[in-house]
Amino acid sequence: MEISLKYLPGGRAAASGNMMAQSDLDLKETALKEDLKFYFMNPCEKYRARHQIPWKLALQILKILMVTTQLIFFGLSNQLVVSFKEENTIAFKHLFLKGYSGVDEDDYSCSIYTQQDAYDSIFYVINQYKQLKNISLGTLGYEHEASGLKICKQQYKKGTMLPANDTMSIDVSTETECIFFKPQELAGKKAELKLNSSFFNLEFYRLIQVEISFKLKGIALQTIHARELPDCYAFQNTITFNNRAHSGKIKIYFDSDTDIQECKDWHIFGSVLQKNTQYILVFDGFVILSCVASLILCTRSIVLALRLQKRFVNFFLEKYKRHVCHADRLEFINGWYVLVIISDVMTIIGSILKMEIKAKVLILTMQASLPKVLRFCCCAGMIYLGYTFCGWIVLGPYHEKFEDLNTVAECLFSLVNGDDMFATFAQIQQKSTLVWVFSRLYLYSFISLFIYMILSLFIALITDSYDTIKKYQQSGFPVTDLHEFLKDHASVGYRKEQTSMPLICCCRRQESDDNLILIN
């Protein structure tokens, strides 16, 4: 080329070089526009253009079904755990609280009003603990020989109290004294000596509280009916006789903290449970594989999008001598891919830890066919379903309104209508600071989101207060540099013969689509 150009006049050589450069730039522009148009197509349009099967969309639908199934299985298993804990707590109250009616009086279980009732209630707990294996209907036992029943009394130091003379002398500093009973010694003489000791001579005018604590073990066999392996439980029970008010009424509190432990040595005969466990493990493996595949595909799409963005930015700078605005750069970053990647990572971790995180997708598939109200309801329903599963899984063990999926849905619907809000906040068990803080964030965010935002937007849609947005859509959105760059480019290169695909009805080619610019 250099040999031929040197014999040409300088002007013609420069013009020829400019024409070749312009021709290369035009070819580059055409290829870039076609790649941009194809990138901004939805899965159905990509299939019509190049017969490219939407693997990511199919994988997301499959993953949603698998993850939701896994979540339901985990929720049902967790519901059995909650039921077992609640039923054991009720059984413990009937076993160890004398005169328990079956219904808590307030935030405490029951109350007593005489000194004799106080002594009877304390010795009743000791006697029931002693006869536990003979009277309990459940699979309960003592933790081990070294553990036992611990009784502690907290009281003010010595003083005198003369209400008739309106005089008193008391040291407000407190002292705590404890006594311990082992299970094997309750039937011996050593236990009798302890029971007859001065420890049980209570001076009620300076008594603050008596606390009885003991630990029991149990095995949940009901999971076998659900074809799951049984779990072993440790119940840390505490009975508190609260006399802080010194009002003549001692409130009795019963608290049971449950810890799920893996059974150390178990033998279950029958192949049903073993096969079911293997099936669950295989299913969890498929969930992890689908999430890994989705993670790889979405990451690959983001990487390709960033490369395409770099091509567009360089070409724009080369041809128009100016930088692409930040808004056009963000057009290449698909927020759904980012959310799917985050969801996949959390789902993989949750599957390994036998937990579950909800998934999301399918909103964009309704964008061109269903009315806005239906799309809005579907989006709000997905958010509502996410809150329902989250409350069922996390708050189920700590709140009676979140024990099963149906009750959670009814409770949240009541909160949306402003019913029973204070009771829902007040009934959360304050056994864990983390759970208590999460419950507050969960309830506040749900109420704020649905009452002040989603419900208001729904009413706005019904009353047709979106006229401005509708007119804006009819007249057209502001044209950015990216849209202006693609506007005059015809959709050539993507015309394919008509094919039928029965499983994907949206991918059928329509004649009305031939002259459309396929930009999302």
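To be clear, the structure that these remarks concern was listed above.
Computed from a prediction, not measured in an experiment: that's the story for all the values here.

(A) Local environment of the overall build of the protein. Broken down by element type, the protein carries 16 helices and 7 strands. In the protein, which comprises 520 residues, the proportion classed as buried is 36%. Put simply, of all contacts in the protein between residues at least 6 apart along the chain, 70% involve residues at least 24 apart. For the protein, the accessible area works out to roughly 30,900 Å², and carbon and sulfur atoms hold 60% of it.

(B) Region of interest: helix α3 (residues 43-50). The buried fraction of α3 amounts to 6 of the 8 residues, a majority that puts the element mostly inside the structure. Along α3, the positions that sit buried rather than exposed are Cys-44, Glu-45, Lys-46, Tyr-47, Arg-48 and Ala-49.

(C) Here's a closer look at the environment of Tyr-100. With respect to the helices, strands and loops of the structure, Tyr-100 is situated in the loop between α4 (55-96) and β1 (110-112). Judged by its relative accessible area of 12%, Tyr-100 falls in the buried class. Setting aside its immediate chain neighbours within four residues, Tyr-100 contacts Lys-93, His-94 and Ser-109.

(D) Molecular detail of the side chain of Gln-155. Among the structural elements, Gln-155 can be located in strand β3 (residues 149-162). In this structure, Gln-155 is in contact with Ser-173, Thr-174, Glu-175, Arg-206, Leu-207 and Ile-208, ignoring residues within four places of it in sequence.

(E) Fine view of the pattern of salt bridges. Throughout the structure, instances matching the rule amount to 6 salt bridges. The partner of Lys-63 in a salt bridge is Asp-344, and the shortest N-O contact between them spans 2.4 Å. Here Lys-63 is found in helix α4, whereas its partner Asp-344 is found in helix α10 (residues 335-352), with 281 residues between them in sequence. Residue classification places Lys-63 among the buried residues on the basis of a relative accessible area of 1%. Taking the relative accessible area as the measure of exposure, Asp-344 reaches 0% and is therefore buried. Residue Lys-98 is joined to Asp-120 by a salt bridge in which the shortest nitrogen-to-oxygen separation is 3.9 Å. Of the two residues, Lys-98 is situated in the loop between α4 and β1 and Asp-120 in helix α5 (residues 115-130); the sequence distance between them amounts to 22 residues. A single network of salt bridges, built from pairs that share partners, joins Glu-175, Glu-203 and Arg-206.

(F) Geometry of the pairing of strand β4 (residues 167-181). Judged from the 13 bridges that link them, β3 and β4 form a sheet pairing that is antiparallel. Within β4, the residue paired with Ile-151 across the bridge is Ile-179.

(G) Quick peek at unusual backbone geometry. The residue His-246 is not glycine, and still its phi comes out positive at about 50 degrees. Its location among the elements puts His-246 in the loop between β6 (231-242) and β7 (250-261). Residue classification places His-246 among the partly exposed positions, given a relative accessible area of 30%.

(H) The packing of aromatic side chains, seen in detail. Summed over all chains, the structure comprises 24 aromatic pairs. Judged by centre distance (5.7 Å) and plane angle (55 degrees), the ring pair of Phe-40 and Phe-332 falls under tilted. Of this pair, Phe-40 sits in the loop between α2 (10-39) and α3 while Phe-332 sits in the loop between α9 (326-330) and α10, placing them 292 residues apart in sequence. For Phe-40, a relative accessible area of 8% gives the class buried. Seen in terms of ring centroids, Phe-92 and Phe-254 are 6.4 Å apart; in terms of plane orientation they differ by 40 degrees. Their pairing is tilted.

Reading the values: the criteria
Residues numbered from 1 in each chain as written. Predicted model: local features only at pLDDT ≥ 70, side-chain atom pairs only at ≥ 80, totals over all residues. Heavy atoms only, no water. Helix = DSSP H or I, 4+ residues; strand = E, 2+ residues; numbered from the N terminus. Buried < 20%, exposed > 50% of the residue type's maximum accessible area, 1.4 Å probe, protein only. Contact = heavy atoms within 4.5 Å. Areas by Shrake-Rupley, 256 points an atom, 1.4 Å probe, with all protein chains shown as cover. Salt bridge = Lys/Arg side-chain N within 4 Å of Asp/Glu carboxyl O. Pairing = 2+ DSSP bridges. Phe/Tyr/Trp six-rings, centres within 6.5 Å; stacked < 30°, edge-to-face > 60°.

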